[in-house]
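Spelled out from the first residue to the last, the chains are:
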Amino acid sequence: MTHVEDELISQPECWTRAASEAAGYGEELPAAGERVAIVGCGTSYFMAQAAAALREDSGQGETDAFAASEFPYGRGYDRVVALTRSGTTTEVLDLLGRLKGRTRTTAITADPDTPVMTAADELAVLDFADERSVVQTRFATTALTLLRAHLGLHPDTAVTDARTALAEPLPEGLVECAQFTFLGRGWTVGLASEAGLKMREASLSWAEAYPAMEYRHGPISVTTGGTATWMIGDAPDGLAEQVRGTGALWIAATLDPLAELVRAQRLAVAVAASRGLDPDSPRHLTRSVILTHRPR
């Protein structure tokens with residue numbers, strides 16, 4: 001078993017622990033009414049997008065999400081939350097350094113022995129969800145679970161659905177597809193982007209992601225009989241029929257959206273195996289991006 005397989009199957013237990021510990025981070029995580037930005041890089045950026053949409057849509061305060069390298073320093077926030085598994089990512093550390101003393105910051109990380117521990121004002125350490133694989137699975141979903149639970153939005157069904165996602169076989173014919181498109185709405189747009197990233201990282205697949213309503217504004221033109229189009233969350237009316245009309249394989253969501261992401265993680269590993277690839281060692285990637293020349 002690869003590291004990523006071992007890590008992705010542990011997600012139900014990680015989510016259960018994160019949800020149970022969320023109440024203990026009342027001071028470290030954003031309070032209702034605060035104006036908040038959530039930042040990250042790669043997978044963490046997509047989790048930031050999902051968390052920001054959940055928080056704002058639930059009426060708990062204006063919330064933006066940014067790639068750490070694209071943070072708008074001219075804006076004012078009550079708090080900036082940084083998601084960083086490794087605690088060493090250059091862009092995140094630079095951002096926290098620039099905000100020191102002017103904006104309250106919180107880091108959610110997996111490693112308690114890294115520079116982020118002193119770079120951020122507040123910390124949430126999910127060391128039980130740390131990973132050996134380059135490809136992120138359980139840390140990302142556990143960090144989002146912590147935030148969902150803090151917001152009061154973690155359903156009891158999420159963990160049960162995650163176990164279902166791990167136990168049920170993938171849809172027939174899915175692994176053999178040549179192109180993968182993931183769609184989301186609201187907070188699941190970030191999950192769709194993360195599912196596409198998993199496919200690219202682990203299996204070198206042609207994978208894309210879009211807001212579901214945007215899919216008909218151009219991207220559907222490249223959909224063919226070799227395409228799998230996977231909806232994470234509820235689909236807009238008529239979209240499933242339109243996708244099937246192209247000859248593509250339509251995959252409808254049947255589980256909690258975060259559990260649907262677990263299914264997509266499994267798909268990435270399965271496609272990698274079918275192509276003789278090692279999903280623990282993606283091409284051109286490292287566990288953390290540490291730059292010699294600092295970004296300006």
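Placed above this text is the structure.
Residues numbered from 1 in each chain as written. Predicted model: local features only at pLDDT ≥ 70, side-chain atom pairs only at ≥ 80, totals over all residues. Heavy atoms only, no water.

### A few points about the overall build of the protein
Reasoning step 1: Broken down by element type, the protein carries ten helices and nine strands.
Reasoning step 2: A compact globule built from 296 residues should have a C-alpha radius of gyration of about 19 Å, and the protein, at 19 Å, falls within 12% of that.
Reasoning step 3: When each of the 296 residues of the protein is scored for burial, the buried share is 56%.
Reasoning step 4: A fraction of 71% describes how many contacts in the protein between residues 6 or more apart in sequence connect residues 24 or more apart.
Reasoning step 5: Of the accessible surface of the protein, which amounts to about 12200 Å², a share of 50% is contributed by carbon and sulfur atoms. (Helix = DSSP H or I, 4+ residues; strand = E, 2+ residues; numbered from the N terminus. Rg over C-alpha atoms; globule rule 2.2 N^0.38 Å. Buried < 20%, exposed > 50% of the residue type's maximum accessible area, 1.4 Å probe, protein only. Contact = heavy atoms within 4.5 Å. Areas by Shrake-Rupley, 256 points an atom, 1.4 Å probe, with all protein chains shown as cover.)

### Quick look at helix α2 (residues 11–21)
Reasoning step 1: For α2, the complete set of buried residues consists of Gln11, Pro12, Cys14, Trp15 and Ala18. Mapping the buried residues of α2 onto a view down its axis gives an arc of 160°, with all of them on the same face. (Arc of directions from axis to C-beta.)

### Some words on the pairing of strand β4 (residues 104–109)
Reasoning step 1: For β4, a buried count of five out of six residues is recorded, marking the element as mostly surrounded by other parts of the structure.
Reasoning step 2: Pairing between strand β3 (residues 79–84) and β4: six bridges, direction parallel. Looking across to β4, one finds that Arg79 is bridged to Arg104.
Reasoning step 3: Each parallel crossover has a hand, and for β3 linked through helix α4 (residues 90–99) to β4 it is right-handed.
Reasoning step 4: Alignment of β4 against strand β5 (residues 122–125), held across four bridges, turns out to be parallel. Bridging across to β5, Ala107 finds its partner in Leu123. (Pairing = 2+ DSSP bridges. Right-handed = clockwise from strand over helix to strand, strands pointing away.)

### Brief notes about the nonpolar core
Reasoning step 1: Ranked by size, the top nonpolar core spans 59 residues in total, and within it Ile108, Leu144, Leu146, Phe180, Phe182, Leu191 and Leu267 carry the most contacts.
Reasoning step 2: With eight residues, helix α10 (residues 257–274) is the largest single contributor of residues to this core.
Reasoning step 3: Apart from residues lying up to four places away in sequence, Ile108 is in contact with Leu29, Val81, Ala82, Leu83, Thr84, Ala124, Leu126, Phe139, Ala143, Leu146 and Leu147.
Reasoning step 4: Within the second largest apolar cluster, 17 residues are counted, among which are Ala82, Leu96, Ala119 and Ala120. (Core = buried A, V, L, I, M, F, W, Y, C linked by side-chain atoms within 4.5 Å.)

### Regarding the pattern of salt bridges
Reasoning step 1: Tallied over the entire structure, the rule returns twelve salt bridges.
Reasoning step 2: Arg35 is the salt-bridge partner of Glu62, the closest N and O atoms lying 3.2 Å from each other. Within this pair, whereas Glu62 is found in the loop between α3 (43–57) and β2 (63–67), its partner Arg35 is found in the loop between α2 and β1 (36–40), the two being separated by 27 residues in sequence.
Reasoning step 3: Its relative accessible area of 25% is what places Arg35 among the partly exposed residues.
Reasoning step 4: With its nearest N and O atoms 2.9 Å apart, the salt bridge here joins Glu260 to Arg263. With Glu260 and Arg263 both in helix α10, this residue pair falls three residues apart, about one helical turn.
Reasoning step 5: Here Glu260 falls in the buried class, since its relative accessible area comes to 0%.
Reasoning step 6: When salt bridges with common partners are traced through the structure, they connect Glu194, Lys198 and Glu201 into a single cluster. (Salt bridge = Lys/Arg side-chain N within 4 Å of Asp/Glu carboxyl O.)

### Focus: the pairing of β2
Reasoning step 1: Bridge count between β1 and β2: five bridges; the pairing is parallel. Paired with Ala37 across the two strands is Asp64, which belongs to β2.
Reasoning step 2: For the segment spanning β1, α3 and β2, crossover handedness is right-handed.

### Comments concerning helix α7 (residues 157–167)
Reasoning step 1: Here α7 has its buried residues at Ala158, Val159, Asp161, Ala162 and Ala165. Take α7 and look down its axis: the buried residues cluster within an arc of 160°, on one side only.
Reasoning step 2: Tucked into the core, α7 has its buried residues touching α2, α6 (138–150) and α10.

### Overview of unusual backbone geometry
Reasoning step 1: A positive phi angle, near 55°, is found at Leu204, a position not held by glycine.
Reasoning step 2: You can see Leu204 is positioned in the loop between α8 (188–203) and β7 (206–211).

### Points about the packing of aromatic side chains
Reasoning step 1: Applying the stated criterion to the full structure yields seven aromatic pairs.
Reasoning step 2: A centroid spacing of 5.1 Å and a plane angle of 75° characterise the contact between Phe71 and Tyr73, whose relative ring orientation is edge-to-face.
Reasoning step 3: Arranged with centres 5.7 Å apart and planes meeting at 35°, the rings of Phe182 and Trp230 form a pair that is tilted. With Phe182 in strand β6 (residues 179–184) and Trp230 in strand β8 (residues 227–231), this pair connects stretches of sequence that are 48 residues apart. The pair Phe182 / Trp230 is uniform in exposure class, with both members buried.
Reasoning step 4: Grouping aromatic residues by their ring pairs yields a cluster made of Phe66, Phe71, Tyr73 and Tyr77.
Reasoning step 5: The lysine or arginine in question, Arg35, covers the ring of Tyr77, its NZ or CZ lying 4.6 Å from the ring centre. (Phe/Tyr/Trp six-rings, centres within 6.5 Å; stacked < 30°, edge-to-face > 60°. Lys NZ or Arg CZ within 6 Å of the ring centre and 35° of its normal.)

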